[in-house]
2 protein chains.
Amino acid sequence: MPEFDLIARIAQRVGSRGDVVLGIGDDAAILQPPAGQHLVVAMDTLNAGVHFPSETAPGDIGWKALAVNLSDLAAMGATPAWCTLSLSLPGSDTAWVDGFLDGFLELARTHGVVLVGGDTTRGPLSVCVTVHGFVAPGQALRRDGARVGDDVWLSGTVGDAAGALTQWNAGQPMTAALRDRLDRPTPRVALGCALVGLADACIDVSDGLAADLAHVAVASNVGIDLHCPDLPASEALAMAFAAQEQLRLQATGGDDYELCFTAPTASRAAVARIASELQLPLTRIGTVTSAAGQVRLLAADGTEWLPPRAGYEHFAG
Amino acid sequence: MPEFDLIARIAQRVGSRGDVVLGIGDDAAILQPPAGQHLVVAMDTLNAGVHFPSETAPGDIGWKALAVNLSDLAAMGATPAWCTLSLSLPGSDTAWVDGFLDGFLELARTHGVVLVGGDTTRGPLSVCVTVHGFVAPGQALRRDGARVGDDVWLSGTVGDAAGALTQWNAGQPMTAALRDRLDRPTPRVALGCALVGLADACIDVSDGLAADLAHVAVASNVGIDLHCPDLPASEALAMAFAAQEQLRLQATGGDDYELCFTAPTASRAAVARIASELQLPLTRIGTVTSAAGQVRLLAADGTEWLPPRAGYEHFAG
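Residues numbered from 1 in each chain as written. Chains lettered and ligands numbered in written order. Predicted model: local features only at pLDDT ≥ 70, side-chain atom pairs only at ≥ 80, totals over all residues. Heavy atoms only, no water.

A. Layout of the overall build of chain A. What chain A contains, in helices and strands, is 10 helices and 12 strands. Its C-alpha atoms give chain A principal-axis dimensions of about 65 × 50 × 30 Å. Split into buried and exposed, the 317 residues of chain A put 58% on the buried side. Long-range contacts, defined here as pairs at least 24 residues apart, represent 85% of the contacts in chain A between residues at least 6 apart. Just so you have it, chain A exposes about 11600 Å², and 51% of that area is on carbon and sulfur atoms. Placing the 19 positive and 35 negative side-chain charges of chain A at their respective mean positions leaves the two points 3 Å apart. (Helix = DSSP H or I, 4+ residues; strand = E, 2+ residues; numbered from the N terminus. Buried < 20%, exposed > 50% of the residue type's maximum accessible area, 1.4 Å probe, protein only. Contact = heavy atoms within 4.5 Å. Areas by Shrake-Rupley, 256 points an atom, 1.4 Å probe, with all protein chains shown as cover. Lys, Arg positive; Asp, Glu negative; His and termini not counted. Charge placed at Lys NZ, Arg CZ, Asp CG, Glu CD.)

B. Structural context of the side chain of S234(A). Residues and elements named next belong to chain A. Note on placement: S234 falls in the loop between strand 9 (223-227) and helix 8 (235-240). On the basis of relative accessible area, S234 is assigned to the buried category, the value being 14%. Excluding residues that lie within four positions of it along the chain, S234 makes contacts with T157, D160 and L178.

C. The domain arrangement of chain A, seen in detail. Residues and elements named next belong to chain A. Segmenting chain A into domains produces domain 1 (3-135) and domain 2 (150-298). On a C-alpha basis, the centres of domain 1 and domain 2 stand 26 Å from each other. Facing 22 residues of domain 1, the contacting portion of domain 2 comprises 17 residues. Both faces considered, domain 1 and domain 2 share a buried interface measuring about 1600 Å² in area, 59% of it formed by carbon and sulfur atoms. A salt bridge links R184 to E106; the shortest N-O distance between them is 3.4 Å. Summed over the shared surface of domain 1 and domain 2, the result is 7 residue pairs in polar contact (both at pLDDT 80 or more). At 11 residues, helix 2 (residues 58-76) tops the list of elements feeding residues into the side of domain 1 that touches domain 2. Residue composition of the side of domain 1 that touches domain 2, grouped by class: 10 nonpolar, 7 polar and 5 charged. (Domains from an automatic or database assignment. Buried area = accessible area lost by both parts, 1.4 Å probe. Salt bridge = Lys/Arg side-chain N within 4 Å of Asp/Glu carboxyl O. Polar contact = N/O pair within 3.5 Å; in protein donor to acceptor, adjacent residues only side chain to side chain. Nonpolar A, V, L, I, M, F, W, Y, C, P; charged D, E, K, R; others polar.)

D. Region of the structure containing the packing of helix 4 (residues 160-169) of chain B against helix 9 (residues 243-252) of chain B. All names here are of chain B. Helix 9 packs onto helix 4 with a crossing angle of 120 degrees between their chain directions and a minimal axis gap of 8 Å. When the interaxial angle is binned, helix 4 and helix 9 end up oblique. Along this stretch, helix 4 crosses helix 9, giving a crossing that reads as right-handed. Only E245, R248 and L249 of helix 9 make contact with helix 4, whose side of the interface consists of A162, G163 and T166. (Axes fitted to C-alpha atoms, helices over the stretch in contact; angles between N-to-C directions. Parallel < 35°, antiparallel > 145°, perpendicular 65-115°, else oblique. Left-handed = near helix turned anticlockwise from the far one by under 90°.)

Structure (structure tokens):
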């Protein structure tokens, strides 16, 4: 299928927004940013064999490629609007492209995001997405705003995606609930928007909780103590792994795309209200300290717990 | 080199602009679009072995990855401002990355463009860039504005990049001047901006003159007659190829990134003034006709010339 047919195939399936002056089909898209807002831009690529196994269902690849980008906007408290897509494909497989678009556009519709441009090229399977959103000036959630004494909060549960990956790497069947977290992560867009004006700092958990919080600690020049017994785990994760392995997955596993944020202790009731409104568990997992740049994982007895492996390993060893 | 070190290495070399509220280093960039302007967004990927030979100098890859994107903005008449970069690398080679940045940032500085974000991943060598620019509402140059009776104009010369590619594919040494056009194309940014309010339609020559003008013809529901003897050729191209092969390269060769635009005949003096001001040859190469969707290449005697091969073939057979 020539590139131009492929682009037409994509163009006929995307939605519309009033602020898209010109979408797919010219040398570039023309967009009308809302007056008085800042533009928030994130870009993330997923490569076959690195970020997902090549045999992953195309719909899941499409979903995840957009989800990881929307998660970055969520971590800034931005409302998503537009995206562009660069799709590198080794061959011409219309069924694959249609399946990819099923997942990609399903998530786009959910968040009112319109695909406005990009390109398609020949090459090893790779998906690059750029997303655009808006936030009021000075209101974006950043990594550098954490303050000593803040609570540290986490949405949902962590470790699930890494649990599925661990099973996959061991050649075991993946637990369905864990695999679903790995293949179709939920970007916490509504939560990010709700945290504007409330959270002091925010990040999404993509590389692993400890590694991601280290970025917050460095950027904010603070320390972070996490209370390991408080880390929320899904039932599926608790069923599938022994306690120490579960804790390792929670503390260091990536790809969950939950939001981790800090907020003043005076905001606990407000955070609880947001959790209730969004029907999304928000768990207090730690405290911001003055130990600049230092993230500690504390066991129930207050001693420091060192995970057996730092950071998150992707597919392909 | 871990990803975070690589990002820091990139971050310390990028420039700044007053409208970049937050650049590299958080989950997303925060940008301040100018009031009352439309945002123009383009995204293009270059894959090793497809868009350039793997052994291409890293500085040339960096230059070209940004150039092809700026060319898309130029074709819209937009003033470039920001870009994001997703770099997939098979290994950790700081010298390669430094060389890549040399070329990428040299071109960025030339146009006052600041790199504000993106990501780095492991994978087959691939460079995806998204560029952002501005244009006054309703003023963008589009493919769908050509009018019957318009002149068709072309900047610079065409066929040079394809000439170098033809030499490379034949295992011959590349003529230096042709190779330079292939490796370091010049995006016609100033020309695009100067054409706002003057050109009826515009496109950049990336896939080949005939193929690109076919997009204009279809989008504008017009025909285009090109006068082959008027197509401008560089001295290097004329020296390196026989007449028929030269014409084939000019009419169907891609990757030159010149602008091709249509304008009313009453604007000929204005076009000449722009050519003089920019010191960039602008050549009248044809006419817009009423033969909807049809691009014809006419020989000196008025008969139609059919190129031996339509469209542009990239690297890798």
